[in-house]
Amino acid sequence: PPSPRGASPGQKSGSAAGPPPTAARAAGEDGRREAHPPTTAREVPTECAPSEFTVSLNKVPGTSLGINLQVQASAVHLDDVREDGLVAEWNKKSPAEVQVRSKDDIVGVNSVRGPGKRLLEELKNATGTLE
């Protein structure tokens, strides 16, 4: 599932189900710069632009994303990524630059981009591939 790192981080073309969830993260915040974006965003120093990357998760009924979040006007803010759930599984198998972390923002889910309430509904109700 997903998260934006500066809104459209090197988004890949979407699959039949639409593009992957996008996360945005501030570049340089931890000395790393994302090459590919899922859609998650992080707070960014004024001199740095946020980056986005795409996360691809397979959500089936009964599975949990394993995230705590807050709905914002144009995104869903991640308060915490728990050790259980689909997002933690993604993080374990993904390079650090595309891992979903606390303080990331989800700016898109499949073909849906903001507002935050709409993204939340897509995260809750969609099954299959989330990007």
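Residues numbered from 1 in each chain as written. Predicted model: local features only at pLDDT ≥ 70, side-chain atom pairs only at ≥ 80, totals over all residues. Heavy atoms only, no water.

### Section: helix α2 (residues 116-125)
(1) Moving on: Buried residues of α2: Gly 116, Leu 119, Leu 120 and Leu 123, and no others. Down the axis of α2, the buried set is contained in an arc of 100°. They therefore lie on one face. More than 90 degrees from the buried face of α2, the exposed residues found are Lys 117 and Asn 125.
(2) Moving on: In this structure, the buried residues of α2 make contact with β3 (57-59), β4 (67-71), β5 (76-81), β6 (105-106), β7 (108-109) and β8 (112-113). (Buried < 20%, exposed > 50% of the residue type's maximum accessible area, 1.4 Å probe, protein only. Helix = DSSP H or I, 4+ residues; strand = E, 2+ residues; numbered from the N terminus. Arc of directions from axis to C-beta. Contact = heavy atoms within 4.5 Å.)

### Some remarks on the sheet that holds β5
Two strands in a sheet stick together by hydrogen bonds in their backbones, pointing the same way (parallel) or opposite ways (antiparallel).
(1) Moving on: Taking strand neighbours across the sheet as the criterion, the three strands line up as β4-β5-β6 in an open arrangement whose pairing is antiparallel. The strands lining the two open edges of the sheet, one partner per strand, are β4 and β6.
(2) Moving on: Strands in contact with α2 are β4, β5 and β6; relative to β4, the strand with the most contacts, it is inclined by about 150°. (Pairing = 2+ DSSP bridges. Axes fitted to C-alpha atoms, helices over the stretch in contact; angles between N-to-C directions.)

### Some words on the nonpolar core
(1) Moving on: Judged by nonpolar contacts, the single largest core of 20 residues is most densely connected at Leu 57, Leu 65, Ile 67, Val 87, Val 100 and Ile 106.
(2) Moving on: At the level of elements, β5, α1 (86-93) and α2 are the ones that each hand at least two residues to this core. (Core = buried A, V, L, I, M, F, W, Y, C linked by side-chain atoms within 4.5 Å.)

### Quick notes on the pairing of β5
(1) Moving on: The sheet contact formed by β4 and β5 spans five bridges and is antiparallel. By the bridge assignment for β5, Leu 69 is matched with Leu 78.
(2) Moving on: Hairpin connection between β4 and β5: a loop of four residues separates the two successive antiparallel strands.
(3) Moving on: Bridging between β5 and β6 involves two bridges; their strand directions are antiparallel. Among the inter-strand pairings, Val 76 is bridged to a residue of β6, identified as Ile 106.

### A look at the environment of Gln 99
(1) Moving on: You can see Gln 99 is positioned in the loop between α1 and β6.
(2) Moving on: A relative accessible area of 23% places Gln 99 in the partly exposed class.
(3) Moving on: C-alpha of Gln 99 to C-alpha of Ala 88: the two residues are 11 residues apart in sequence and 8.8 Å apart in space.
(4) Moving on: In terms of polar contacts, Gln 99 uses its side chain to reach the backbone carbonyl oxygen of Ser 94, at 3.0 Å. (Polar contact = N/O pair within 3.5 Å; in protein donor to acceptor, adjacent residues only side chain to side chain.)

### Quick notes on unusual backbone geometry
(1) Moving on: Cis peptide bonds are those with omega within 30 degrees of zero, and the linkage from Gly 114 to Pro 115 qualifies with -5°.
(2) Moving on: With respect to the helices, strands and loops of the structure, Pro 115 is situated in the loop between β8 and α2.
(3) Moving on: Look at Lys 103: it is not a glycine, yet its phi comes out positive at around 80°.
(4) Moving on: Secondary-structure assignment places Lys 103 in the loop between α1 and β6.

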